[in-house]
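# Understanding the architecture of this molecule
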Amino acid sequence: MAEWHDQADVVIVGGGMVGLTLASALKHSGLRVIVIERSEPSVRYSLGRDCRVSAIVYGNIQILQGLGAWSHLDAHAAPLQQMRVWDDQHAGGIRFDADEIGQPALGYLVENSRLQAALQLSLHDGDGVECWCPAEIEHVAWDADAVRLRLKDGRHIATPLIVGADGGRSWLREQAGIDCFQRDYAQKGIVATVRPQLPHRNIACQRFLPTGPLAMLPMTDNLCSIVWSNMNEQAEALMAMDDAAFLLALNNAFGPLLGEIVEAGERAAFPLKARLARHLVRPRLVLIGDAAHTVHPLAGLGVNLGIRDAMVLAQEIVDAQRFDEDWGDMTVLRRYMKQRLPDVLSVMGGMEAFHRLFTADIPGLHVLRGVGMRAVGNSGAIKQMLMRNSTGLSLPVPKQITVTRRG
Ligand SMILES: Cc1cc2nc3c(=O)[nH]c(=O)nc-3n(C[C@H](O)[C@H](O)[C@H](O)COP(=O)(O)OP(=O)(O)OC[C@H]3O[C@@H](n4cnc5c(N)ncnc54)[C@H](O)[C@@H]3O)c2cc1C
């Protein structure tokens, strides 16, 4: 029988944006939390920026402020004052303004690697959170009272709860034998940092083309981050182009709203899939972030959902600790699942409907789209509700998590 050298209260597999949010939320809980991250941070730069950028909605900025991560980020984050969405066939468009919901911004654009670094900085020595990186689990076994892990470097850990925050192709999910509902959009999202001729005025633009949406998102220093979804074949052709040809294609696709796009940095392409794990929880296992659900980047909500997963889970863990419950038990984990499923399903359902609405080639559909967009644009109440939901403002902001250790 193996000797179990180490004991942790929670083990988080994956130190991405979501895994680190959970770690940071648990830092004052008195629990011993170990984050196991496979790789050293690796950043793909595009015009000197991480080409992976996320729009973080305003509700989640408040969470990051509460965790002490935002102060390390705000100089590098660009506020999103307005969002303009329009249909390629000029059937209609809609604008969302931060003023309409009485907030300074709808959200902020941040580079993924900077957000990860800021969350790392929000963890202090002695907080009870340890990041083991690079480290990888070789073997995992579930017992009735604990999960037992053997790492590739020979270390052993036992824990009452293991959290899968290891991304869309989650290793832990696979080990647990959990498969996914999956939808392959047969599309790739091309990302790059670009420089427009005219000031972006902190306006995010999303243009729906017959092949998929093209988003132009404002960054600091008047740079923009593009997320350009294309059918696989077309995306590969765009990736193969030299810079001049790519810029020409991009300018043609986006149009003259920001003058000419004069420079584009290195590109990267990501396959677009929607996934939902068939089980978000199992005894002593919970999946969060992309390990649990992956959504089309159309509305920029993937990591936003993951941040909310992490905060709700942290709250359930510390509440269980306070009431002397076993936080790896299904009673506790089901409480987490019940809170998160409606949010996840409504975002996934909304993205699917949006995707179909804008890509289906049905005669007359563009007219309906236009009517719909104009109706939403003209109805203050519907528009406000949409904005409050998509910015996370309709959800309660999780409390600062501070609970003393039991016993
Ligand atoms: C083109 C594009 C644009 C997007 N834009 C937005 C946006 O604007 N807003 C938004 O909210 N979302 C956006 N998303 C979605 C967002 O990027 C993801 O939701 C987010 O990265 C998920 O974070 P995560 O921490 O769950 O997973 P990941 O970011 O995938 O992190 C997983 C971590 O786990 C580690 N790991 C993996 N396997 C193991 C293992 N076996 N052991 C240990 N560690 C492991 C990895 O190294 C990684 O650090 C976009 C996605 C795409 C593709």
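Residues numbered from 1 in each chain as written. Predicted model: local features only at pLDDT ≥ 70, side-chain atom pairs only at ≥ 80, totals over all residues.

### Quick look at the sheet that holds strand 1 (residues 6-7)
Strand order in the open sheet formed by four strands is 1-14-13-12, and the pairing between neighbours is mixed. Edge strands, defined here as strands with exactly one partner in the open sheet, are strand 1 and strand 12 (137-142). Two elements, strand 13 (residues 147-151) and strand 14 (residues 156-159), share four bridges in a ladder whose sense is antiparallel. Each bridged residue has a counterpart across the sheet, and for Val 147 the counterpart in strand 14 is Thr 159. (Pairing = 2+ DSSP bridges. Helix = DSSP H or I, 4+ residues; strand = E, 2+ residues; numbered from the N terminus.)

### A short note on the nonpolar core
Among the nonpolar cores identified, the biggest contains 104 residues, and Val 11, Leu 22, Val 163, Val 286 and Ile 288 are the most heavily contacted of them. Top contributing element to this core by residue count: helix 7 (residues 302-322), with 10 residues. When residues no more than four places from it in sequence are discounted, the contact partners of Val 11 are Ile 34, Ile 36, Leu 149, Ile 157, Thr 159, Ile 162 and Val 163. In terms of nonpolar packing, the next biggest core, distinct from the first, is built from eight residues, Ala 299, Leu 305, Val 344 and Met 348 among them. (Core = buried A, V, L, I, M, F, W, Y, C linked by C-beta atoms within 7 Å. Buried ≥ 20, exposed ≤ 12 C-beta atoms within 10 Å, placed from the backbone. Contact = placed C-beta atoms within 7 Å.)

### A few points about unusual backbone geometry
Look at the link from Cys 133 to Pro 134: it is a cis peptide, with omega at -5°. Examined against the element boundaries, Pro 134 turns out to sit in the loop between strand 11 (129-132) and strand 12. You will see that Ala 186, though not glycine, has its phi angle at about 55°, which is positive. Inspection of the secondary structure puts Ala 186 in strand 16 (residues 180-196).

### Quick notes on the confidence of the model for the protein chain
Averaged over every residue, the pLDDT of the protein chain is 88; the share at 70 or more is 84%. This model gives residues 403-407 a pLDDT under 50, and the stretch forms nine contacts once residues within four places in sequence are excluded. (pLDDT = per-residue confidence, 0-100.)

### Some details on the site of the ligand
Looking at the ligand, there are 31 residues lining it, with Gly 14, Gly 16, Gly 167, Gly 289 and Gly 302 nearest. Where the shell around the ligand is concerned, the elements lending two or more residues are helix 1 (17-25), strand 6 (53-57), strand 16 and helix 7. The element contributing the most residues to the shell around the ligand is helix 7, with four residues. (Near = placed C-beta within 6 Å.)

### Notes on the pairing of strand 2 (residues 10-13)
Here strand 2 shows two buried faces, one formed by Val 10 and Ile 12 and the other by Val 11 and Val 13. Across four bridges, strand 2 lies against strand 3 (residues 33-36) in parallel orientation. Counted as the bridge partner of Val 10 is Val 33 from strand 3. Following the chain from strand 2 across helix 1 to the adjacent parallel strand 3, one finds a crossover that is right-handed. With three bridges connecting them, strand 2 and strand 15 (residues 162-164) associate as parallel partners. Bridge pairing links Ile 12 to Val 163 in strand 15. (Right-handed = clockwise from strand over helix to strand, strands pointing away.)

### Concerning the environment of Val 129
By secondary structure assignment, the location of Val 129 is in strand 11. A sequence separation of 100 residues divides Val 129 from Ser 29, and the C-alpha atoms of the two residues are 9.8 Å apart. If near-sequence neighbours (up to four positions away) are discounted, Val 129 is found in contact with Ala 23, Leu 26, Lys 27, Val 33, Val 35 and Leu 123.

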